[in-house]
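# Structural overview
Next come the chains, spelled out residue by residue.
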Amino acid sequence: MIFCREIATMLSPIPDEWQYVPPASLVAGGGSYAVALASILGTMAIAFDGLHAGPAPNASGGYPLVLQNLKQAFLVVPEDMSAADALRCHQSIWDWVGKLSSAGDQHELAFVFILPGNASKGYEEALAIGLSVPAIDPVATGHAVWPRSGALSGLLDLVTTMLSMDLLPLKARRAVDGKRLALKRLRVAVTQNDPMAIQATAHAVLNAFQAAEYNLDLFCRPPSHRHGNLLRGWLNALVTGHVTQDWCDTGRDQLAAWLVEDDKQNLP
Amino acid sequence: MKPIRILIVEDDPTVLTVLDASYRKIFGAMGYHPTIKQTSTVEEARRLARAARETPYDFVSLDVNLGDSTLTGLDVLVTLKRFHSAWMVALLTGVESDMTVDKTMGEARGEDLRKKLRRDAYASFPAERLLVVEKPSSGIETGDAQRLLVNRLRQIALVYEEVGRLRYVFRPIDVASLERVSAPKGKKVKRTYIETTALHWQIRFNCGEIRTLPDMAGFRTLHYLLSRDRNQSVTPEEALANEPKSELSKGTSAVLGVDPLATYFEAQGIKWQDLASEEQDRLIRAALSLKLTRYIQLREFQDDADISPAEAKELDAIRKELGALADTAESVYLRMAAQAKELDEATTRLTTGEMCEAGLHIEGGNYDRLGSDRRGLDSPAAQLFRARMKRVRDCLRENGFADFARHIEDCIQSTGARWSYNPPEGVEWTT
């Protein structure tokens, strides 16, 4: 078990091929589709474990700038992956780009989520919420979704018409996003130990998510759904019942464990 | 007239006109020849900032609120910093003087906003090269507001001039230290120290940021070159002697007496020796496909010491891809190069006297030692040295030190096999 945990935290070696021919495309995902797509695009697919672990630095502690020529990134979403996990992969891909390109988070690229056949419309909406956009528009947001069953030529055409974007506009959008701001205020409120303020901010969070509280999962640490359930339970108890000191203490102790770190996904 | 590249980012057309005219007038009066580029959107400003990676703007006048719903001038500032595309930035803000902020949000909140803006701005760009300047309030009469604005722009230009003095990037410094005086052998004496000084060369980038270049070998060569007396020249041999041994080019181990072409093709079942020379050539080209053209091109660049790091990597990658055919490609290249050389020499064989007249033969150049067939060509050492210099320049540019790279290009002259560093008279060595 310990061995497995060690393996999981090991950094991912940068593919040798990238050192010789800096790739224009990056494919993240496992399975035959990801491998085939990577092969067609002349690059290597990064498995999810390696993706989350991040690239391994070289002997001097630096990173080779092998993603300087990167133009597009494809995230091949497996059937059992939640939207929250897909957004975490999106963040991890940006971590790779940030380390392996001199432009860092200002490297411009087109990002495509390749969704499985069983993905619902709600899945796409959840991704849009995570990216703080009303809808995923390839031309306006630099992101696109593509069904795995779609023709490869269509996917390649889509990429050529997409607007390449860096991470700054996404960060700026997230900084003014109502849902994120409500969660930020809640995080601040629980540290101030004022039950009334906590209750008010909890109300604000639930209002921000309006009848779509399941989207709180998108802002939770993995396992996102479990943490989302705990957060929803805590919030609902706060707004419907009498606020007790115990609930406030629970919030103070647990909120950081439930919600994604401040610096991840640019959560305020 | 000193050239100055200015970028003005402003969404208000009236203010833009005033800024353009004022900067031209003010900088013109200070002896500058301004080249001004204008833009009014965040998107375009960020695009220009990216594009200016190799030729950074000397001065950027940047408005904070550019009418974009999500991005502001601060995001442009972040891009300018990331791509090292501006030497100095004046951030013009309306928040400082906008009374409506205080009226609608209260004075305390207005003050918080102003402080936050400054804090964010200084976190986004080196403070010593950033000026946060308030635009005159909209409550002031137009004529007065314009006069006030022009006055502030004049102050900005003066600061630019002052800070610009620190822009030169390297200087000699005396480093003082205490050194223990060694006691005579066999005698036990009280510890004595003596003050010693040593001359060090400090490479100073962008006013205060002192950095080490990643390409240490190139840096060392450059450092050595710069530390010499400006009237002295450094031969490539001297420069190479100063290099760490690991940086010297690694020789390729060729197996003598074996024809790699024959070995390769016979392993494929082709009777190589029976084929005519033209047939062999055709077969080689077919086997190497399109890679050969690029390989030959890159090898020519390499032989001319004109290969960039990216091209060198590409060459390595092609070699790796070719595998067993890499030696074949090299033989083809060498054969073609030899033919080209023969042709060249047949048409352009010159005597030493003729070469002197044409300025191709440099007295004291080391090509005589390498044989008469090397006349008119740089020695391998000179070629290596030139390639290394190019690498240093590329490295500087890639790391955002375009000024320094340009300075090297301008001030390090080559005359055949000899190199010298000749800074212009006007260079100020900061202390």
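Along each chain, numbering runs from 1 in the same order as the chain's sequence is written. Just so you know, chain letters begin at A and ligand numbers begin at 1, following the order they were written in. Only residues with pLDDT of at least 70 get local features here, since the model is predicted, and only at 80 or more are side-chain atom pairs given and counted; chain-wide, interface and lining totals rely on the full set of residues.

## Quick look at the environment of Gln19 of chain A
Helix and strand labels come from DSSP, where a helix needs a run of H or I of at least four residues and a strand needs a run of E of at least two; each type is numbered from the N terminus. Structurally, Gln19 of chain A is set in helix α2 (residues 16-20). Setting aside chain neighbours within four positions, we find Gln19 of chain A in contact with Pro64 and Val66 of chain A. Our contact criterion uses C-beta atoms placed from the backbone: two residues qualify when those atoms are within 7 Å.

## Considerations on the packing of helix α10 (residues 178-192) of chain A against helix α11 (residues 195-209) of chain A
Residues and elements named next belong to chain A. To obtain an axis, a line is fitted to C-alpha atoms, over the contacting stretch when the element is a helix, and the angle between two such axes runs from 0 to 180 degrees between their N-to-C directions. Interaxial distance between α10 and α11 falls to 9 Å at its minimum, and their mutual angle equals 165°. When the interaxial angle is binned, α10 and α11 end up roughly antiparallel. Considering only the axes of α10 and α11, their crossing is left-handed. Taking contact as the criterion, the partners of Gly178, Lys179, Ala182, Leu183, Arg185, Leu186, Ala189, Val190 and Gln192 in α10 are, on α11, Ala197, Ile198, Thr201, Ala202, Ala204, Val205, Ala208 and Phe209. By the definition adopted for this analysis, an angle is roughly parallel if under 35 degrees, roughly antiparallel if over 145, roughly perpendicular if from 65 to 115, and oblique otherwise. By convention, the crossing between two helices is left-handed when the near helix turns anticlockwise from the far helix through less than a right angle, and right-handed when the turn is clockwise.

## Side note on the interface of chain B and chain A
Contacts between the two partners involve 11 residues from chain B, matched on the other side by 11 residues from chain A. When contributions to the side of chain B that touches chain A are tallied by element, the ones reaching two or more residues are α3 (73-82) and α12 (309-322) of chain B. Broken down by class, the residue content of the side of chain B that touches chain A amounts to three nonpolar, two polar and six charged. Under the scheme applied here, ten amino acids are nonpolar (Ala, Val, Leu, Ile, Met, Phe, Trp, Tyr, Cys and Pro), four are charged (Asp, Glu, Lys and Arg), and all others, including Gly, are polar.

## A word on the sheet that holds strand β5 (residues 143-147) of chain A
All names here are of chain A. In this analysis, strands are considered paired if DSSP registers two or more bridges between them. The strand order β2-β1-β3-β4-β5 describes an open sheet built from five strands, whose pairing is parallel. In the strand order of this sheet, the two ends are held by β2 (45-46) and β5, each with one partner. Across two bridges, the pairing between strand β1 (residues 25-28) and β2 is parallel. Counterpart to Val27 in the pairing with β2 is Ala45.

## Some thoughts on the pairing of strand β4 (residues 86-93) of chain B
All names here are of chain B. Partly exposed residues are those whose C-beta has more than 12 but fewer than 20 other C-beta atoms within 10 Å; 20 or more makes a residue buried and 12 or fewer makes it exposed, with C-beta atoms placed from the backbone. Of all eight residues in β4, eight are buried, a share of seventy percent or more. Bridge count between strand β3 (residues 57-63) and β4: six bridges; the pairing is parallel. Residue pairing across strands places Ser61 opposite Ala90, the latter belonging to β4. Handedness is read with the strands pointing away from the viewer; a crossover is right-handed when the path from the first strand over the helix to the second is clockwise. A crossover links β3 with its parallel partner β4, the connecting element being α3, and its sense is right-handed. Here five bridges tie β4 to strand β5 (residues 130-134), and the two strands are oriented parallel to one another. Within β5, the position partnered with Val89 by the bridge is Leu130.

## Focus on helix α2 (residues 42-51) of chain B
Residues and elements named next belong to chain B. Listed in full, the buried residues belonging to α2 are Val42, Ala45, Arg46, Leu48 and Ala49. Within α2, the buried residues cover an arc of 160° as seen down the axis, which keeps them to one side. Tucked into the core, α2 has its buried residues touching β1 (2-9), β2 (32-39) and α3. The arc in question is formed by the directions pointing from the helix axis toward the C-beta atoms.

## Here we look at the packing of α2 of chain B against α3 of chain B
In a packed pair of helices, the relevant descriptors are the angle between the two axes and the axis-to-axis distance. Residue and element names in this part refer to chain B. Where α2 contacts α3, the axes come no closer than 9 Å and their chain directions differ by 10°. As summarised for this structure, α2 and α3 are arranged roughly parallel, according to the angle between their axes. Between α2, through Val42, Ala45, Arg46, Ala49 and Arg50, and α3, the contact on the second element is made entirely by Asp75, Val76, Thr79 and Leu80. Of the residues belonging to the contact of α2 with α3, the class tally is five nonpolar, one polar and three charged.

## Description of the sheet that holds β2 of chain B
All names here are of chain B. Spatially, β2-β1-β3-β4-β5 is the arrangement adopted by the five strands of the open sheet, whose pairing is parallel. At either end of the open sheet lies a strand with only one pairing partner, and these are β2 and β5. Across the sheet, the mean angle from the axis of one strand to that of its neighbour is 20°, orientation sign disregarded. Along the sheet face, helix α1 (residues 13-29) touches β1, β2 and β3 and points at about 165° away from the line of β2.

## Structural notes on the confidence of the model for chain B
Residues and elements named next belong to chain B. Summing up the model confidence of chain B, the mean pLDDT is 70 and the portion of residues at 70 or higher is 55%. A residue's pLDDT is simply how confident the predictor is in it, with values from 0 to 100. For chain B, the element scoring lowest by mean pLDDT is strand β8 (residues 209-210), at 44; α2 scores highest, at 94. Note that pLDDT drops below 50 for residues 168-175; the model gives that stretch 29 contacts with residues more than four away or on any other chain. pLDDT under 50 marks residues 366-370. Its contacts with residues more than four places away, or in other chains, come to nine contacts. Overall fold confidence (pTM) sits at 0.61, and the ipTM for the predicted complex is 0.80.

## Focus on the confidence of the model for chain A
Residue and element names in this part refer to chain A. Of all residues in chain A, 93% have pLDDT values of 70 or greater, and the mean over the chain is 87. Here residues 1-9 scores under 50 on pLDDT; set against residues more than four positions off or in separate chains, the count is two contacts. Contacts from residues 264-268, a stretch scored under 50 in pLDDT, to residues over four places away or in other chains number 16 contacts.

## So, the environment of Pro57 of chain A
Residue and element names in this part refer to chain A. For Pro57, the location among the structural elements is in the loop between α4 (48-53) and β3 (72-76). C-beta crowding within 10 Å serves as the criterion here: with 13 such atoms nearby, Pro57 is assigned to the partly exposed category. When the C-alpha positions of Pro57 and Leu100 are compared, they lie 9.6 Å apart, and in sequence the two are 43 residues distant.

## Considering unusual backbone geometry
Residue Pro223 of chain A is bonded to the preceding Pro222 of chain A through a cis peptide linkage, with omega at -5°. Relative to the helices and strands, Pro223 of chain A resides in the loop between α11 and α12 (224-240). One non-glycine residue, Ser132 of chain A, adopts positive backbone phi at about 55°. Assignment of secondary structure puts Ser132 of chain A in the loop between α6 (121-130) and α7 (138-141). The class for Ser132 of chain A is buried, based on 22 C-beta atoms found within 10 Å. The backbone of His84 of chain B sits at a positive phi, close to 50°, despite the residue not being glycine. Within the secondary structure, His84 of chain B is located in the loop between α3 and β4. For His84 of chain B, a count of 21 C-beta atoms within 10 Å corresponds to the buried category.

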